Amino acid sequence: MKTQLITITLTIITIFGSNAQVNIKESEKSNDITEEIRRLETDSAKIIYLEKIFKDDQFVRNGQISADLMLKYGRDSKEYMEMLTLGRAKTKLI
């Protein structure tokens, strides 16, 4: 009984501790993005920034590119994995 209580307590502490670390990282990312946006002073700079976000988003969402790479090189290929890694990195920035 005591062992189960200790196990449950440690599990709960671990879960809440992990969430706090994730929230701090997300907050830091949010601050970085906010600062990046504040540095955009002109309308043309803002338009370029938004167009880049749009292009990156469409690249990640383009299933045809992903399917073509998978068919050509295989699911476990270096080329396919690089595309997935690039897509994940861009998604995290947005």
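Residues numbered from 1 in each chain as written. Predicted model: local features only at pLDDT ≥ 70, side-chain atom pairs only at ≥ 80, totals over all residues. Heavy atoms only, no water.

## Concerning the overall build of the chain
Right, so step 1: The helix and strand tally for the chain stands at four helices and zero strands.
Right, so step 2: Order of helices (α) and strands (β) in the chain, N terminus to C terminus: α-α-α-α.
Right, so step 3: Buried positions account for 9% of the 94 residues belonging to the chain.
Right, so step 4: Surface exposure of the chain reaches about 8200 Å², of which carbon and sulfur atoms provide 60%. (Helix = DSSP H or I, 4+ residues; strand = E, 2+ residues; numbered from the N terminus. Buried < 20%, exposed > 50% of the residue type's maximum accessible area, 1.4 Å probe, protein only. Areas by Shrake-Rupley, 256 points an atom, 1.4 Å probe, with all protein chains shown as cover.)

## Observations regarding the side chain of Ser-77
Right, so step 1: Mapped onto the fold, Ser-77 is located in the loop between α3 (63-73) and α4 (78-93).
Right, so step 2: Residue classification places Ser-77 among the buried positions, given a relative accessible area of 11%.
Right, so step 3: A polar side-chain atom of Ser-77 sits 2.9 Å from the main-chain carbonyl oxygen of Gly-74. (Polar contact = N/O pair within 3.5 Å; in protein donor to acceptor, adjacent residues only side chain to side chain.)

## Considering the pattern of salt bridges
Right, so step 1: As enumerated under the stated definition, the model contains one salt bridge in all.
Right, so step 2: Across the salt bridge formed by Arg-38 and Glu-35, the nearest N and O atoms sit 3.8 Å from each other. A residue pair is termed a helical-turn pair when its members lie 3 or 4 positions apart in one helix, as Arg-38 and Glu-35 do in helix α1 (residues 2-38) at three residues.
Right, so step 3: By relative accessible area, Arg-38 is classed as exposed at 62%. (Salt bridge = Lys/Arg side-chain N within 4 Å of Asp/Glu carboxyl O.)

## A look at the confidence of the model for the chain
Right, so step 1: Mean pLDDT over the chain stands at 74; residues scoring 70 or higher make up 66%.
Right, so step 2: Per-element confidence in the chain ranges from a low mean pLDDT of 68 for α4 to a high of 82 for helix α2 (residues 43-61). (pLDDT = per-residue confidence, 0-100.)

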